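# Residue-level structure breakdown
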Protein chains: 2
Amino acid sequence: MAPRKGNIMTVRDDVKVLDATVRDGGLCNNFEFTDEFVTELYKTNIKSGVDYMEFGYRASKKLFDPKRYGKWKFCDEEDIRSIVGDNISDMKISVMADVGRCDFKEDFVPKSESVIDMVRVACYINQIPAAVEMINYFNNLGYETCCNIMAISQADTEQIDEALEMIGKSKADVIYLVDSYGSLYPETAGRLAKKYLETGEKYGKLIGFHAHNNQNLAFANTIETLSYGVSYLDATASSMGRGAGNCAMELLLGFLKNPKYNLYSLLTFLEKYMLPLKESGVVWGYDIQYMLTGQLNRHPREAMAFTAEKRTDYCEFYKSLLDNF
Amino acid sequence: MAPRKGNIMTVRDDVKVLDATVRDGGLCNNFEFTDEFVTELYKTNIKSGVDYMEFGYRASKKLFDPKRYGKWKFCDEEDIRSIVGDNISDMKISVMADVGRCDFKEDFVPKSESVIDMVRVACYINQIPAAVEMINYFNNLGYETCCNIMAISQADTEQIDEALEMIGKSKADVIYLVDSYGSLYPETAGRLAKKYLETGEKYGKLIGFHAHNNQNLAFANTIETLSYGVSYLDATASSMGRGAGNCAMELLLGFLKNPKYNLYSLLTFLEKYMLPLKESGVVWGYDIQYMLTGQLNRHPREAMAFTAEKRTDYCEFYKSLLDNF
């Protein structure tokens, strides 16, 4: 294993924390956050020292009917500006664009006209050429760009090597390791991070990590990959995110030693906004069914259905997963 | 860091899983489990391949009034036998004896007359001589013995070195690293485990790890220390245990590669017994207040009081913790 970069007592200036609450959390409530929620989260993130706030997806309105989703699935410029004005803060703003699910040539204005700083291109490992096309397009528009390769725990090692070479040669600023299924362990996440970091060093890219909490390892995997040199760290308030959720922002900010990060505002936000959201019936977070799909390195879709049906027959569910391998 | 022992795909025959649900979980419900619960847990552990089941404490009846606690605070021989008979299974039975809180010379019969296999002696680092006296006494009676040094995250490195030498020279079979405050990170837990493992190699002892989940790292720390050679792993059903709870048995058994371990019975037990226990109002598990005491390397007592009062003013709580450093 590569040596650790920095140590548990010190600050690394390359570290950037990205709040993905509205984007990944939006998958739990159809992106239907109140403006008050998003505004208060924006203010909280600024006070907490968060480096990037992701407002949502910029999805195609041809493929997805805007009447059927909250506005953060589309992240229109005017909707972001209604929250942040011209965003005079030091915190940067990102949106996510999925390969094959956005009209990137129509829906993005040049960075000079946009309040967005960074576009994160999400793809599966078989979509790298399409991702590279988008990344280079956004780079030419003036945006910072990331390539988030999803579901990496199901990809083959040789495929990953090739994908990293292709993205290495693109104009991406950051390459993200994404544990979509929450099936990585710190040891395996660390090993993959090392591979990404080698590409990063070769091509001058920074590396990011996006965790899911299926096996209660989102925070552990985040700080493990951080320790080897990963710089961009995704987290969400109360770990809100699809299925088992993500790395909790409160755990991450409590761990990082840079004094710019602090917990006070976030703790108040958790009480005033995240507890009521949970009480209102929005469901996310670690649970047995997500643990099982994580252990089996599977997409959480069956676990999400199990959750939606309020089932608790874990053993039957487990047997059904094993039947469908 | 020491090299990892074995790898993530293989079986290590030195690994032993200990179920501490009734003992550490008993701290959440005053040890008032029904006989049905304990009997079903016993059967479940056997079917799951668990190596040891801890039935509780053997506390002094002079110091603790038996009328005010459930019977598993005392673990009388006849009470254990009423569940397990002569325990004809391969699973071994343990009880915990706290230094200074048990009458060990009066309350233990020789192993040949007992259904108990192992006595785990729990102590703080300033109580090692008393622990060694008890360990040697239990060894002479014929029991396997552990020394569980609690609250290790607050102990000084030189103290730990000296304590390990003293226990190394005792008759203890196993030395446990205990993260009572849930404040270790995988990196720090791994570093401590390495120190324990060096003593273990020197004196022929095995090493154990007991986690708490304050920072959602109980499972991560358990498998991290395991990877360096720790053999005895504590876990509890649904992570039931004081405050933020322990390493979840279901996470651990799902991770271990030895085919003797399996999840089927445990998943049924979780549905039939752990969910109703939670619904009945017994409270444990990861929550913001425990995260904060873990981050600050503090005893969880203030967080337990905050929980009991059903408070959610996390920011005020955090400020009060910082006031009392």
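Just so you know, these numbers come straight off a predicted model, no measurement behind them.

## Concerning the relation of the copies chain B and chain A
With an RMSD of 0.0 Å, chain B superimposes on chain A once it is rotated by 180 degrees and translated 0.0 Å along the axis. Both chain copies can therefore be described as sitting about a two-fold axis. When you check the interface residues of chain B against chain A, 100% turn up at the interface there too, and the contact is symmetric in its surfaces.

## Structural notes on the pairing of strand S6 (residues 174-178) of chain B
Residue and element names in this part refer to chain B. Among the five residues of S6, five are classified as buried, and the element is accordingly described as predominantly covered. Note that strand S5 (residues 144-149) and S6 share four bridges and pair parallel. Bridge assignment links Asn-148 to a residue of S6, and that residue is Tyr-176. With helix H6 (residues 157-168) bridging S5 and the parallel S6, this β-α-β connection has right-handed handedness. Relative to strand S7 (residues 206-210), S6 is paired through five bridges, and the arrangement is parallel. Bridge pairing links Val-174 to Leu-206 in S7. Taken together, S6, helix H7 (residues 186-203) and S7 constitute a β-α-β crossover, and its handedness is right-handed.

## Digging into the interface of chain B and chain A
The partner chain A presents 40 residues to the 40 residues of chain B that form the contact. For the chain B and chain A pair, buried surface summed over both sides reaches about 3,500 Å², with 68% attributable to carbon and sulfur atoms. At the junction of chain B with chain A, the criterion picks out two salt bridges. Notably, a salt bridge pairs Arg4(B) with Glu187(A), separated by 3.9 Å at the nearest N-O pair. On inspection of chain B and its partner chain A, the count reaches five residue pairs in polar contact (both at pLDDT 80 or more). Its residues assigned to classes, the side of chain B that touches chain A shows 23 nonpolar, nine polar and eight charged.

## Some details on the side chain of Ser227(A)
Inspection of the secondary structure puts Ser227(A) in helix H8 (residues 218-228). When its relative accessible area of 7% is taken as the criterion, Ser227(A) is described as buried. With near-sequence residues (within four places) excluded, Ser227(A) lies in contact with Arg4(A), Lys5(A), Arg12(A) and Glu187(B).

## Re the pairing of strand S5 (residues 144-149) of chain A
Residues and elements named next belong to chain A. Across the six residues of S5, six count as buried, placing the element largely inside the fold. Burial along S5 is two-sided: Glu-144, Cys-146 and Asn-148 and Thr-145, Cys-147 and Ile-149, pointing in opposite directions, are all buried. Chirality of the crossover, the property in question, places the unit of strand S4 (residues 118-123), helix H5 (residues 128-141) and S5 among those that are right-handed.

## Re the sheet that holds strand S8 (residues 232-235) of chain B
Residues and elements named next belong to chain B. On the basis of which strands lie adjacent, the closed barrel formed by eight strands has the order S1-S2-S3-S4-S5-S6-S7-S8 and parallel pairing. For this sheet the average axis-to-axis angle between neighbouring strands, irrespective of direction, equals 25 degrees. H6 rests against S5 and S6 of the sheet, and its axis sits at about 170 degrees to S5.

Conventions and cut-offs
- Here the residue numbering is sequential within each chain, running from 1 through the sequence in written order.
- As they are written, the chains are lettered A onward and the ligands numbered 1 onward, keeping that order.
- Two thresholds apply to this predicted model, a pLDDT of at least 70 for residue-level local features and 80 or more for giving and counting side-chain atom pairs, whereas whole-chain, interface and lining totals are computed over all residues.
- Values reported for side chains reflect all heavy atoms of the structure, with hydrogen atoms and water molecules removed beforehand.
- A residue counts toward the fit only if its pLDDT is at least 70 in both copies, and the copies are then superposed by least squares on the C-alpha atoms of those residues.
- Only heavy atoms enter the contact rule, under which two residues are in contact if any of them lie within 4.5 Å.
- Remark: exposure states derive from per-residue accessible area (1.4 Å probe, protein chains only) relative to the maximum for the residue type, with buried under 20%, exposed over 50%, and partly exposed in between.
- Counting from the N terminus, the helices are the DSSP runs of H or I reaching at least four residues and the strands are the DSSP runs of E reaching at least two.
- DSSP bridges decide pairing: two strands pair if at least two such bridges lie between them.
- When the strands point away from the viewer, a crossover counts as right-handed if the path from the first strand over the helix to the second runs clockwise.
- Buried surface area refers to the total accessible area, computed with a probe of radius 1.4 Å, that the two partners give up upon joining, counted for both partners together.
- Any Lys or Arg side-chain nitrogen found within 4 Å of a carboxyl oxygen on Asp or Glu counts as a salt bridge.
- By the criterion applied in these results, polar contacts are pairs of N or O atoms within 3.5 Å in which, for protein atoms, one can donate a hydrogen and the other can accept it, and in which residues neighboring in sequence qualify only through two side-chain atoms.
- Each residue gets one of three labels, nonpolar for Ala, Val, Leu, Ile, Met, Phe, Trp, Tyr, Cys and Pro, charged for Asp, Glu, Lys and Arg, and polar for the others, Gly among them.
- To get an axis, a line is fitted to the C-alpha atoms, and for a helix only the part in contact is used. The angle between two axes follows their N-to-C directions and goes from 0 to 180 degrees.

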